[in-house]
Amino acid sequence: MATAAAASASEPEAEAPAGPQAEGEEDEVNADGSRRKVLSRAVAAATYKAAGPGCEAPEEGVSDSGGDEEDYAMASSAESSPGECEWEYDDDEEKNQLEIERLEEQLSINVFDYNCHVDLIRLLRLEGELTKVRAARQKMSEIFPLTEELWLEWLHDEINMALDGVDREQVYELFERAVKDYICPDIWLEYGQYSVGGIGQKGGLEKVRSVFERALSSVGLHMTKGLAIWEAYREFESAVVEAARPMADFLTPSDREQTFDSQLEKVHSLFRRQLAIPLYDMEATFAEYEEWSEDPIPEVVAQSYAKALQQLEKYKPYEEALLRAEAPRLAEYQAYIEFEMKGGDPARIQLIFERALVENCLVPDLWIRYSQYLDRQLKVKDLVLSVHSRAVRNCPWTVALWSRYLLAMERHGAEHQVISATFEKALSAGFIQATDYVEIWQTYLDYLRRRVDFKQDSSKELEELRSAFTRALEYLKQEVEERFSESGDPSCVIMQNWARIEARLCSNMQKARELWDSIMTKGNAKYANMWLEYYSLERAHGDTQHCRKALHRAVQCTSDYPEHVCEVLLTMERTEGTLEDWDIAVQKTETRLARVSEQRIKAAEKEAALALQEEEKAEQRKRTRAEKKALKRKKKPRGADKHKADEDEEEEEWGDDEEEQPNKRRKLENSVPPASDAQDQEAEMGLFGRSAPTDAKAPSKQERAAALKRDVPKVAHDSTKDSVTVFVSNLPYSLAEPDAKLRPLFEACGEVAEIRPIFSNRGDFRGYCYVEFKEEKSALQALGLDRKVVEGRPMFVSPCVDKSKNPDFKVFRYSTALEKHKLFISGLPFSCTKEELEELCEVHGTVKDIRLVTNRAGKPKGLAYVEYESESQASQAVIKMDGTTIRENTIKVAISNPPQRKVPEKPEARKGPAGPMVPRQMRGKGRTQLSLLPRALQRPGAPAPQAENGPAPKPAAPASTATEAPMMSNADFAKLLLRK
């Protein structure tokens, strides 16, 4: 009966799980069936071997562990990685060998090239170089944490090559390393099933149970993949029960209770533990337990099961969000983490962090948050240090992770040699900024300072601290400054801390003064705050003489806030100095302040002179433009040429404004006579009011096209449809039939309702248009066509926004903040293509995107942005590529950190000193701003007539207010500036 129950209990697992149970488990049903057969045979063999030679084995070939390992290898081959079929030599063996040599050379130069390691392992595996591939994997695992796929491939290879017990122990060690990198349920499942093969060895049964229990502690709460671990463990214990059942009849009641009944209770316990945890497909597990158990389900178990089902409903929305989203699913994991943090269960919080890090292992903020939670909440030494170690292996370029690691090691009492070795690894991690090295040095120096017992005059720890300070200064000066052209510590923070330690803790003011002298010689003597910091140190631990000396030097050297330093000096002399000291201080401060005032006046005069020069240059440019316009008017072109010249001038002045010019032609367009009348009038008077010759030529094709475009009715823009409309600009002016040309491009994003190209009054295309869609999502998708090249020019696609209502609206597609995974390359040849640059950059890592910067006409500017997969690859690329030559051009490579974009001037900025805003003069309307009323008819009190197309002339000022302001000299102007 129990046998039948055990057999039926395994039936639900032979079916594909319904719903989002375990990602990918339905593809492993056949392999699981093979494993269960092997598992049962291995357990039976171990049980009969333990019973002694008096019992006869029920089957052949299961009495020795070697056969079990062979059967396990056959079963595990059902799910072995696809790479195992690649052990045969490739046809082009010589080519592979050359590639292997190239990759090995590349790694000898840069051992942190992740992709080179992966490619080398793949090629060595193809060539069958077992020893070399094992060494390559070992080397990579020491530098980087390996992914689940890499570990499983390595484990399968080692399992297939294991021949004896020694090899099995080495595989066990490899499994132990694998489960430490990431929380991977598949690796734990593989580990448990492989340990079953060694059940016949000494302590094999305890080994299997130990592995499965650790697996449950690690991933047993995993709602989608934890079920496989529970089922494998139950299958193992059930197999032990079935193997021991035939011997139960030969045992005494006490022995039976001690062996068989206790083993049966283990299976019951596993069922009860699993049903108390919210997992997918819990209903099937409960039904399996009811069928397997000979006794009714206890009420306590049923209540725990019902409670777990209720919890499952709370977790389902987050799990389903993960199943719907695409990797890396960072936002979904963060929401899940927030939910678990509110629950407060440490085991579940730890698990969701680990699940998130499997897909987001290169996100430093996630590691920081995880380690911070462990440092403040769990405080378990092995767990905390393990997570910190994994964090710096995944994101070695992040200095915050290294600093937290050092603090955690100190907090949990790690040995000094271990902490020092970790610090040395941090120095070789390759940080991106010079300030990062200052931060890691400061963290290490703080640790060394806390080790010193300053009650002793001298100690080994104190000497080590002083030597570390000396080494830090040399390292920043030589290594960091050579790489970044700066030390990263312009304010000499490390030297200041050293001086404070010498003065306050070691009572060595002489050394502190030497350090401060060195600080001042590094360009800090002009800053008042540096002198005041030194003065505070002397005030607390020095003497009055050195305080006075420091302040006198500060008065002479400070250039930013000399008034403040002078005030501090006078205050000290007022409270402690003699009359002679007071007189000297007053004389020095007055002399210094007078000199500073004179320097500021000269600087203000110089600045005013430069401003005047700029103003004169602007006036000169304005006069030059006016002379050119006057020269053009003197030419007086006749006929159509004059018409064309006027329109060209007007279009040039107005530029690319979206609104058409409010000139007189608009009135003519609004009052166009009927076609027949217009033709008759044109036949009599000609195009420009002159008598047309009798043999007038028919209008040309271009003229007919222009006339046809002028007849297109003006369609007002509907602002209510802005959400479904995009604005397209920077199109070629020569684009023929913009509607027909652009429609196929935008129809790929959705159904296009209308394309409205904008034409000038002459019928010429103005280079921009509006594209209206049926649905809003189509308009959002169309924004992805931004910068697409149309007839040699990059097309600009932006949202349709009324700038009169949103004057500050500005669309810029790319980030303007620091992007540590992206490079900015300048100095490129204009002929450099995207493919050539990608070939140059992919040597240093995986290139995700390359953007060549062009002007509005699509011409290259010699600049490019290259986006790498990780910050470490970008930092290595900067080191290797900066200063290299491409076609005789020396390029510059740096981490992308664009300067802040200039904010457009607000309308308020044009307000004059009197308050009201000065009206902006319109361009292109000079011919119509004159008053046509004769002066003889103008009355003094009457308001001046307003020009038709321009601003109204300013009213004449009253006689009482017509007095002009007196002219100011340069000195007066400088005093005015200094008064602000």
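Residues numbered from 1 in each chain as written. Predicted model: local features only at pLDDT ≥ 70, side-chain atom pairs only at ≥ 80, totals over all residues. Heavy atoms only, no water.

By the naming in an unreviewed UniProt entry, the chain is Squamous cell carcinoma antigen recognized by T-cells 3 isoform X2, taken from Erinaceus europaeus. Within the UniProt record for the chain, the comment given under Subcellular location (unreviewed entry) is "Nucleus". (UniProt positions renumbered as here; feature names shortened; annotations may be inferred.)

### Quick word on the overall build of the chain
Helices and strands together make up the secondary structure of the chain, namely 37 helices and eleven strands. The burial tally for the chain puts 39% of its 980 residues in the buried class. In the chain, of all internal contacts separated by at least 6 residues, the share reaching a separation of at least 24 is 63%. Summed over all atoms, the accessible surface of the chain reaches about 56,400 Å², with 52% contributed by carbon and sulfur. (Helix = DSSP H or I, 4+ residues; strand = E, 2+ residues; numbered from the N terminus. Buried < 20%, exposed > 50% of the residue type's maximum accessible area, 1.4 Å probe, protein only. Contact = heavy atoms within 4.5 Å. Areas by Shrake-Rupley, 256 points an atom, 1.4 Å probe, with all protein chains shown as cover.)

### A word on a negative patch on the surface
On the surface, Glu 835, Glu 838, Glu 839 and Glu 842 cluster together into a negatively charged patch. Structurally, the position occupied by Glu 839 is in helix α35 (residues 834-841). (Patch = residues over 30% accessible without salt bridge, like charges linked within 9 Å, V, L, I, M, F, W, Y side chains within 5 Å. Salt bridge = Lys/Arg side-chain N within 4 Å of Asp/Glu carboxyl O. Lys, Arg positive; Asp, Glu negative; His and termini not counted. Charge placed at Lys NZ, Arg CZ, Asp CG, Glu CD.)

### Topic: the sheet that holds strand β8 (residues 860-868)
Strand-to-strand pairing in sheets goes through backbone hydrogen bonds, with the strands running parallel or antiparallel. Pairing within the open sheet is antiparallel, and its four strands lie in the order β7-β8-β6-β11. One side of each edge strand has no neighbouring strand; the edge strands of this open sheet are β7 (847-854) and β11 (892-896). The average undirected angle you get between the axes of adjacent strands in this sheet is 25°. In terms of strand pairing, strand β6 (residues 819-826) meets β11 through five bridges, oriented antiparallel. What sits directly across from Glu 819, in β11, is Ser 896. Each of β6, β7 and β8 touches α35; the most contacted strand, β7, lies at about 135° to it. (Pairing = 2+ DSSP bridges. Axes fitted to C-alpha atoms, helices over the stretch in contact; angles between N-to-C directions.)

### Structural notes on a positive patch on the surface
Where like charges cluster on the molecular surface, the positive patch consists of Lys 617, Arg 621, Lys 622 and Arg 625. Topologically, Arg 621 is positioned in helix α28 (residues 579-635). By relative accessible area, which is 46% here, Arg 621 ends up partly exposed.

### Some thoughts on the packing of aromatic side chains
Summed over all chains, the structure comprises 33 aromatic pairs. Arranged with centres 5.8 Å apart and planes meeting at 35°, the rings of Phe 175 and Tyr 194 form a pair that is tilted. Taken together, the residues span a long stretch of sequence, with Phe 175 in helix α8 (residues 165-181) and Tyr 194 in helix α9 (residues 185-196) at a distance of 19 residues. Since its relative accessible area comes to 0%, Phe 175 is described here as buried. We classify Tyr 194 as buried; its relative accessible area is 3%. Measuring from ring centre to ring centre gives 6.5 Å for Trp 441 and Tyr 444, while their planes differ by 65°; the resulting arrangement is edge-to-face. In this pair, Trp 441 and Tyr 444 both sit in helix α21 (residues 434-451), three residues apart, roughly one turn of the helix. For the residue pair Trp 441 and Tyr 444, the accessibility class agrees, reading buried in each case. In textbook terms, an aromatic cluster arises when at least three aromatic residues are bridged by ring pairs, as seen for Phe 423, Phe 431, Tyr 437, Trp 441, Tyr 444, Tyr 447, Tyr 475 and Phe 484. Just above the ring of Tyr 172 sits the side chain of Lys 207; from NZ or CZ to the centre is 4.6 Å. (Phe/Tyr/Trp six-rings, centres within 6.5 Å; stacked < 30°, edge-to-face > 60°. Lys NZ or Arg CZ within 6 Å of the ring centre and 35° of its normal.)

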